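What follows is the residue order along each chain.
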Amino acid sequence: MEIRNIAIIAHVDHGKTTLVDKMIEAGMVINERDRPTGELIMDNNDLERERGITIVSKNVSVSYKGTKINIIDTPGHADFGGEVERVLNMADGVCLLVDAFEGPMPQTRFVLGKALSMGIKPLLVINKVDKDNCTPDEVHEKVFDLMFELDANEEQLEFPTIYGSAKNGWMSTDWKQPTDSITPLLDEILNYFPPRKIEEGNTQMLITSLDFSTYVGRIAIGRLNRGTLKENQQIVLAKRDGSQEKHRVKEAFVFEGLERKKVTEVQAGDICAITGIEGFEIGDVICDFENPEPLPTIELDEPTMSMTFSINDSPFFGKEGKFVTSRHIQERLTKELEKNLAMRVHETDKADKWLVYGRGVLHLSVLIETMRREGYELQVGQPQVIIKEINGVKCEPIEELTIDLPEEHSGTAVEAVTKRKGEMT
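Colleague: Residue-level account of the packing of aromatic side chains, with values.
Modeller: Think of a pair of aromatic rings as described by two things: how far the centres are apart, and how the planes are tilted against each other in angle. If you walk through the whole model with that rule in mind, you get 2 aromatic pairs. When the ring centre of Y192 is taken as reference, the NZ or CZ atom of K121 above it lies at 4.4 Å.

This is the structure we're talking about:
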């Protein structure tokens, strides 16, 4: 069976998860009762549903015309850019989703820049063309200009465009002629992204994601670049620091719909999950036992903010949570580091205080809220910007802010930004 691995990237709230829902609905299933239904199927944790955003990237597979399409839904916020960077390593192509009214936004630039620099071809999907006063043709021009600015090569600039409304369940090559299904997009994915050429050679798989199960321990997820992976196969784990360890694969799974299906052997080019390997990190490489040939590891952007986490020593200690000691918090932060690539935790001179570094306030607030819901009690300090010395000059991270509002209210916005030492350009 042919395989396509497609990541869906976009600015926050441009409709990625809704589009994935419709693609799942359009796919073929052997038994109709197994078809997932509902809205925002991929946003399956409480925080994602409440905030209406995607926080963790997830995989789902759809069968269409005899081809397996692995779809990777990614977050749209810059704070979760670590998620986007690592899953792009699994993708053969990207669907760039842009709102027909808003056009390319700052986060569109961020995720598209990452994909183009990795040499991945984009397919443009202009969504929400049913909105009043939308300008799909202008948006198309703006995306082309943005790609040109981001140094896209000639092949990347010759991208096809699909227009439609994911919410209403249709896609078309012409936005003035709505269809009744999303199949034009799936057809274009099959036509535009050729099957990946599998190189000759032995086993190679870069671990780009991980999961944890209380029954089998840590689960390594990635795309098998070449070679084979079987149950009970002996492999070498090439670590980020250059060291190599010998392990044995216990079980192998591939993605089928939203579920994982156990297989005896994984086809090269497919995204799979492997159990039985201990002590691995994201960015490590699974190689052949006899002749290991590691792949380049994942490079990630640095954290930009830090916060002090400490135990709750206020008079209200122990009123809400059940995990209150420094040992509990230390264990939880260490566990978070295993799957949260863009985070760092540094110990301080006190045993009950930690410095936690993240990609932004939202990134850290999601961790705090998750811990609170899990029953942890903690105190946090004021967020601090991380100052870094580059060539002897003190530098701090900057953010681009775009505000759309009526002219009569612009003075208030300018005043609010100036108070925060913002510069207008």
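Colleague: Explain the nonpolar core to me, and be specific about the residues and the numbers.
Modeller: Across soluble globular proteins, nonpolar side chains have a tendency to be buried as a group. Among the nonpolar cores identified, the biggest contains 62 residues, and L19, M147, L185 and I189 are the most heavily contacted of them. Those residues in contact with I189 that lie beyond four places of it in its chain are R4, I6, M23, I69, C95 and L123. Grouped together as the second largest cluster of nonpolar side chains are 24 residues, M205, I207, I277 and C287 included.

Colleague: Can you break down the environment of T67 residue by residue, with the values?
Modeller: Secondary-structure assignment places T67 in strand β3 (residues 67-73). The exposure class assigned to T67 is buried, which follows from its relative accessible area of 6%. Put simply, T67 and I3 are 64 residues apart on the chain and 5.8 Å apart in space, counted from C-alpha to C-alpha. Apart from the residues within four sequence positions on either side, T67 is in contact with M1, E2, I3, R4, V62 and L190.

Colleague: Explain the packing of helix α4 (residues 106-117) against helix α5 (residues 136-149) to me, and be specific about the residues and the numbers.
Modeller: Orientation of α4 relative to α5, taken along the N-to-C sense of each, is 55°, at an axis distance of 10 Å. Between α4 and α5, the interaxial angle falls into the category oblique. For the element pair α4 and α5, the recorded crossing hand is right-handed. Along its contact with α4, which presents T108, R109, L112 and L116, the element α5 presents L146, M147 and E149.

Colleague: Please provide a residue-by-residue account of a nonpolar patch on the surface, values included.
Modeller: Side chains of L401, I403 and L405 sit close together on the surface and give an oily, nonpolar patch of about 280 Å² of accessible area. Counting through the fold element by element, L405 comes out in the loop between β24 (393-395) and α10 (410-419).

Colleague: So what about the side chain of K121? Which residues, and what values?
Modeller: With respect to the helices and strands, the residue K121 is situated in strand β5 (residues 121-127). In this structure the side chain of K121 is engaged in a polar contact, spanning 3.3 Å, whose partner is the backbone oxygen of Y192. In this structure, K121 is in contact with G93, V94, E155, Q156, Y192, F193 and P194, ignoring residues within four places of it in sequence.

Colleague: Run through the environment of D145, naming residues and quoting values.
Modeller: Mapped onto the elements, D145 comes out in helix α5. For D145, a relative accessible area of 44% corresponds to the partly exposed category. Remark: the alpha-carbon pair of D145 and L157, spanning 12 residues in sequence, is separated by 9.6 Å.

Colleague: Explain the sheet that holds strand β13 (residues 251-256) residue by residue, including any values.
Modeller: Read across the sheet, 8 strands follow the order β12-β11-β17-β8-β9-β16-β13-β14 without closing on themselves; strand pairing throughout is antiparallel. One side of each edge strand has no neighbouring strand; the edge strands of this open sheet are β12 (244-248) and β14 (259-263). Here the average twist between neighbouring strands, direction ignored, is 40°. Of the pairings in the sheet, the one linking strand β11 (residues 234-238) to β12 comprises 5 bridges and is antiparallel in character. Within the sheet, the bridge partner assigned to Q234 lies in β12 and is R248.

Rules behind the numbers
Per chain, residues are indexed from 1 in the order of the written sequence. It should be noted that, the model being predicted, local features are given only for residues of pLDDT at least 70 and side-chain atom pairs only at 80 or more, the latter also being counted only at that level, while totals for whole chains, interfaces and linings use all residues. Processing note: side-chain calculations cover all non-hydrogen atoms of the structure and skip hydrogens and water entirely. Here is the rule: rings of Phe, Tyr and Trp (six-membered ring for Trp) pair when centre to centre is within 6.5 Å. Planes less than 30 degrees apart are stacked, more than 60 are edge-to-face, and the remainder are tilted. Two conditions define a charge located above a ring, namely a distance within 6 Å from the ring centre to NZ of Lys or CZ of Arg, and an angle within 35 degrees of the ring normal. In this text, buried Ala, Val, Leu, Ile, Met, Phe, Trp, Tyr and Cys residues form a nonpolar core when linked through side-chain atoms within 4.5 Å. Type-normalised accessible area, obtained with a 1.4 Å probe on protein chains alone, sets the label of each residue: buried when under 20%, exposed when over 50%, and partly exposed for intermediate values. We call two residues contacting when some pair of their heavy atoms lies within 4.5 Å. Strands are runs of DSSP state E lasting at least 2 residues, helices are runs of H or I lasting at least 4, and numbering of each runs from the N terminus. Axes, fitted as lines to C-alpha atoms, cover a helix only where it is in contact. Angles between the N-to-C directions of the axes lie from 0 to 180 degrees. Any angle between 65 and 115 degrees counts as roughly perpendicular, while under 35 counts as roughly parallel, over 145 as roughly antiparallel, and the rest as oblique. Whether a crossing is left-handed or right-handed is set by the direction in which the near helix is turned from the far one by less than a right angle, anticlockwise for left-handed and clockwise for right-handed. Each patch is built from residues lacking any salt bridge and having more than 30% relative accessible area; the joining distance is 9 Å for like charges and 5 Å for nonpolar side chains (Val, Leu, Ile, Met, Phe, Trp, Tyr). Accessible surface is estimated by sampling points in the Shrake-Rupley manner with a 1.4 Å probe; for residues, cover comes only from the protein chains shown. One speaks of a salt bridge when a side-chain nitrogen belonging to Lys or Arg is within 4 Å of a carboxyl oxygen belonging to Asp or Glu. What qualifies as a polar contact is a pair of N or O atoms within 3.5 Å, subject to a donor-acceptor requirement within protein and to the restriction that residues adjacent in sequence count only when both atoms come from side chains. Two strands qualify as a pair provided DSSP detects at least 2 bridges between them.

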